[in-house]
Amino acid sequence: MAETIQCQVAVIGSGPGGAVTAMTLAAKGFDVVMLEEGPYLKPDACAPFSIEEMRRKYRYGGLNPALGTPKVPLVEACCVGGGSEINSGLYHRTPPDVLELWRERFAVQHLKEPDLISHFEACESALSVQLNPGRQPAASIKMKIGAERLGWKTIEVPRWFKYSQMRAPNNVARGIRQSMTETFVPAAEAAGCRIVPGVRAEKLERTGTHWQVRAVRQGDALAIETEAVFVCCGAIETPALLRRSRIKKNIGNSLAFHPTVKVVAVFDDEINGESADIGAQQVKEFSPRVSMGCSISSLPYLALAMTDHPGARVNLRGQWRQMSIYYAMICGPTTGVVRNVPLSRAPLIRYSLSAQDLRDLSIALVNLCRLLFAAGATHLYPGIAGLPVLEGEGDLEKIPVELPRNRTSLMTAHLFSSCPMGQASDFTAVDSFGQVHGHRNLFVNDASLLCTAPGVNPQGSIMALARRNALHFSKDL
Amino acid sequence: MTSVSSGREAMSYLSKTISTLCCDIASMHDHSDPIGADASYDDVTEFVVEQLRKMPVFFSRPILLATAVFGVSRLLLEGSLFHNRPPHRRCLQVENWRRSRFATSRDLIKFYTSLVVLALYSRPATSARRMEGDG
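Bear in mind the structure is a predicted one, so any value in this text is a computation, not a measurement.

So, the overall build of chain B
- Along chain B, the regular secondary structure elements total seven helices and zero strands.
- The secondary structure elements of chain B, listed N-terminal to C-terminal, are α-α-α-α-α-α-α.
- Relative to its 135 residues, chain B shows a buried fraction of 42%.
- Intrachain contacts of chain B at a sequence separation of at least 6 include 68% that bridge at least 24 residues.
- For chain B, the accessible area works out to roughly 7500 Å², and carbon and sulfur atoms hold 59% of it.

Take a look at the structure:
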């Protein structure tokens, strides 16, 4: 006999979408239970961007790539707090032109910028979103220098970090990431939400006017009986759960991400240090299609990036402080598909990039390399196996006009759009406020409902929409 | 009993292949100890095996199958399994598969290399003192 939990609202998933949903509804007086498949770890349980973090917080160890050519490693979290516990903390509001696209093509109602401002502001306040009050990491400053020399638009992106008043040497400000476990999760608990980690939701079933979440906890069956369900498992696991529950219309057919190519840059001066802080400088000259920025550049990640260049004469342990990784990403297409596989817990993800996508990535990579040379880089190692080292602008012609599918290393940490919202029900999965078409009191409230790739770090959009939708639900009920 | 012992032998063979392959890739990338005195890579192998266990089964099984093929390839020419060959012959095979015109071969080596390198360079810089001494 399965253990049973009863509540008014079950929130499945505790990442940015789930945590905001749970806190918002609990604060409104709803009896909320938030389920999370992964463990509840303290924010400082492991060093950020370390292999210990991969072991403890990454779903499938970070090894469930999207099948396509090339394969793209997808990074998903599986722990309380979700992606907010492992990402860079960079914050953007949804660009107005993206909102306009979603309104016009997907018929999303009440989605003008004024409709979202209060939600952006509430989340920004809760997360202490701010610019770095101290000195940016040197690698970030290089990006700024390069962009300014080329006359390109560049911004410092705010992050959801709380900074200490004290400064380290060189005016570097130490910050604490304001992830969900630092902010919305404890706030939800304080408002009365019950958080249940280590629970995997297997299926959703309608029982009369209520829903039942069939789940498993440490091998034992668990049932959650609830009036409403918010599915917030992320852009891959949300459609996977809905499809296991035989809810399939426009579910898992339009996964999008930001295909990203990286470059290792070597400078004469030291730009990298022991801190795993990521630079917040981004180049927006080619937005919305292309964005460039700084990537994790710890020694292990540098070594990983250099595996595309095994013949390179680089003494990693001796030179890594002069090296940093930068990325160029494009706003990707909605061609990804998420499907469950018999006898497997993990869904299979397929996607395709067009020849035009690969040409746009090539142009983005060339421009990134130009910027880095302008910033003073002496050697560049793009993520293309077999490409010789680039030592000056004259070498940029060595980058293929269309990135080679079989030799390019792409990655992404941004996943969305697998259950797009909107009133255009021919190709949307949920309505303007996240209710699954044809299923009363069943909602999606995470990155899945973003209609297309937003072209910016998505967490700000996810959280604002989650708050908007949760408040809309609370008024309707 | 026969199928059980065959299964155990197969796992033992696979474990030895993975362990030897990880150690070879690690030593090819480990410039912190050129003398090779500190050549234990058990922690690296352990990380790789742990990651393999976490992977979706529809990825891990083909990788293990490819690894098994890797281990027996050139058996007729070399007269021994991969893990029983001398180091320089093993490194040659790794390099040949890395450069192969077959994507499956390249992907296999890339998979192991990525994990090995991550684990190797995540080690505390105990060898850094030796590097500083080298100047």
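A look at the side chain of A:D395
All names here are of chain A.
- You can see D395 is positioned in the loop between β18 (379-382) and β19 (410-411).
- D395 gets classed as buried once you look at its relative accessible area, which sits at 17%.
- Side-chain polar atoms of D395 contact the backbone nitrogen of E391, separated by 2.7 Å.
- Look past the residues within four positions of D395 in its chain and what remains in contact with it is V389 and L390.

Here's the deal with the pattern of salt bridges
- All told, the structure shown has 26 salt bridges over all chains when counted by the stated rule.
- The closest approach of N and O atoms between A:E124 and A:R93, which form a salt bridge, is 2.7 Å. Residue A:E124 is found in helix α4 (residues 113-127), and its partner A:R93 is found in the loop between α2 (51-57) and α3 (96-106); the two are separated by 31 residues along the sequence.
- On the basis of relative accessibility, which here comes to 17%, the residue A:E124 falls in the buried class.
- Owing to a relative accessible area of 32%, A:R93 belongs among the partly exposed residues under this scheme.
- Across the salt bridge formed by A:D308 and B:K110, the nearest N and O atoms sit 3.7 Å from each other. Here the residue A:D308 occupies a position in the loop between α8 (299-305) and α9 (316-319), and B:K110 occupies one in helix α6 (residues 103-121), the pair thus bridging two chains.

Concerning the interface of chain B and chain A
- On the side of chain A, 28 residues touch chain B, which itself brings 25 residues to the contact.
- Both faces combined, the contact of chain B with chain A buries some 2400 Å², and carbon together with sulfur accounts for 67% of it.
- Applying the counting rule to chain B against chain A returns three salt bridges.
- A salt bridge links A:K71 to B:D107, with the nearest nitrogen and oxygen atoms 3.0 Å apart.
- Applying the counting rule to chain B against chain A returns six residue pairs in polar contact (both at pLDDT 80 or more).
- When residues of the side of chain B that touches chain A are traced back to their parent elements, those giving at least two are α2 (42-54), α3 (57-72) and α6 of chain B.
- Among the elements that make up the side of chain B that touches chain A, the one with the highest residue count is α6(B) (12 residues).
- When grouped by side-chain class, the residues that make up the side of chain B that touches chain A number 14 nonpolar, five polar and six charged.

Overview of the packing of α3(B) against α6(B)
Residue and element names in this part refer to chain B.
- The contact between α3 and α6 brings their axes to 10 Å, and the two run at 105 degrees. In terms of orientation, α3 and α6 fall into the roughly perpendicular class. Contacts between α3 and α6 involve I63, A66, T67 and F70 from the former and L108, I109, F111 and Y112 from the latter.
- Taken together, the residues that form the contact of α3 with α6 break down as seven nonpolar, one polar and no charged.

Side note on the pairing of strand β15 (residues 323-330) of chain A
Residue and element names in this part refer to chain A.
- Across the eight residues of β15, eight count as buried, placing the element largely inside the fold.
- Neither face of β15 is open: one carries M323, I325, Y327 and M329, the other S324, Y326, A328 and I330, and all of them are buried.
- Relative to β15, strand β12 (residues 260-266) is paired through seven bridges, and the arrangement is antiparallel. Considered in β15, the bridge of A265 is made with S324.

Quick notes on the environment of A:I12
Residues and elements named next belong to chain A.
- In this structure, I12 sits in strand β1 (residues 3-12).
- C-alpha of I12 to C-alpha of T334: the two residues are 322 residues apart in sequence and 24 Å apart in space.
- Sequence-distant contacts of I12, that is, excluding residues within four places in its chain, are made with L35, A201, L204, V213, V229, F230, V231, C232, C233 and L241.

A look at unusual backbone geometry
Residue and element names in this part refer to chain A.
- In this model, T69 is joined to P70 through a cis peptide bond whose omega is 0 degrees.
- Tracing the backbone through its elements, the reader meets P70 in the loop between α2 and α3.
- Even without glycine at this site, F49 takes up a positive phi of about 60 degrees.
- Checked against the element boundaries, F49 lands in the loop between β2 (32-35) and α2.
- Overall, the relative accessible area of 9% leaves F49 in the buried class.

Considerations on the nonpolar core
- A:W102 and A:L204 are the most contacted members of the largest nonpolar core, which has 78 residues in total.
- Ranked by residue count, the leading element in this core is helix α11 (residues 459-476) of chain A, at seven residues.
- Setting aside chain neighbours within four positions, we find A:L204 in contact with A:I12, A:W211, A:Q212, A:V213, A:V229, A:V231, A:L241, A:L242, A:S245 and A:L442.
- Of all hydrophobic cores here, the second largest spans 53 residues; its members include A:C79, A:A303, A:W320 and B:M55.

Some thoughts on the packing of aromatic side chains
All names here are of chain A.
- Evaluation of the coordinates by the stated rule reveals 12 aromatic pairs over all chains.
- Taken together, a centroid distance of 5.6 Å and an interplanar angle of 40 degrees make the contact between F30 and F473 tilted. Of this pair, F30 sits in the loop between α1 (16-27) and β2 while F473 sits in helix α11; the two residues are 443 residues apart in sequence, bridging distant segments of the chain.
- A relative accessible area of 13% places F30 in the buried class.

Comments concerning the confidence of the model for chain B
- Here chain B averages 84 in pLDDT, and 84% of its residues register 70 or above.
- Here residues 126-135 of chain B is modelled with pLDDT under 50, and outside its nearest four sequence neighbours on either side it reaches six contacts, counting other chains as well.

Some details on the state of the cysteines
Residues and elements named next belong to chain A.
- Applying the stated criterion across every chain, the model contains zero disulfides over all chains.
- With no disulfide of its own, C123 has C232 as its nearest cysteine by sulfur position, at a separation of 13 Å.
- The class of C123 is buried, set by a relative accessible area of 1%.
- Looking at C451, it has no disulfide partner, and the nearest cysteine sulfur is the one in C419, 11 Å off.

Details of the pairing of strand β14 (residues 290-294) of chain A
Residue and element names in this part refer to chain A.
- Among the five residues of β14, five are classified as buried, and the element is accordingly described as predominantly covered.
- Across the two faces of β14 the burial is the same, with V290, M292 and C294 and S291 and G293 all buried.
- Of the strand pairs in this sheet, strand β13 (residues 281-283) and β14 are connected by two bridges, and their pairing is antiparallel. Within β14, the residue paired with Q282 across the bridge is G293.
- A loop of six residues connects β13 with β14, the two strands running antiparallel in sequence.
- Bridge analysis of β14 against β15 gives five bridges, and the strand direction is antiparallel. Looking at the pairing, C294 lines up with Y326 of β15.

Reading the values: the criteria
- Residues numbered from 1 in each chain as written.
- Chains lettered and ligands numbered in written order.
- Predicted model: local features only at pLDDT ≥ 70, side-chain atom pairs only at ≥ 80, totals over all residues.
- Heavy atoms only, no water.
- Helix = DSSP H or I, 4+ residues; strand = E, 2+ residues; numbered from the N terminus.
- Buried < 20%, exposed > 50% of the residue type's maximum accessible area, 1.4 Å probe, protein only.
- Contact = heavy atoms within 4.5 Å.
- Areas by Shrake-Rupley, 256 points an atom, 1.4 Å probe, with all protein chains shown as cover.
- Polar contact = N/O pair within 3.5 Å; in protein donor to acceptor, adjacent residues only side chain to side chain.
- Salt bridge = Lys/Arg side-chain N within 4 Å of Asp/Glu carboxyl O.
- Buried area = accessible area lost by both parts, 1.4 Å probe.
- Nonpolar A, V, L, I, M, F, W, Y, C, P; charged D, E, K, R; others polar.
- Axes fitted to C-alpha atoms, helices over the stretch in contact; angles between N-to-C directions.
- Parallel < 35°, antiparallel > 145°, perpendicular 65-115°, else oblique.
- Pairing = 2+ DSSP bridges.
- Core = buried A, V, L, I, M, F, W, Y, C linked by side-chain atoms within 4.5 Å.
- Phe/Tyr/Trp six-rings, centres within 6.5 Å; stacked < 30°, edge-to-face > 60°.
- pLDDT = per-residue confidence, 0-100.
- Disulfide = S-S within 2.5 Å.

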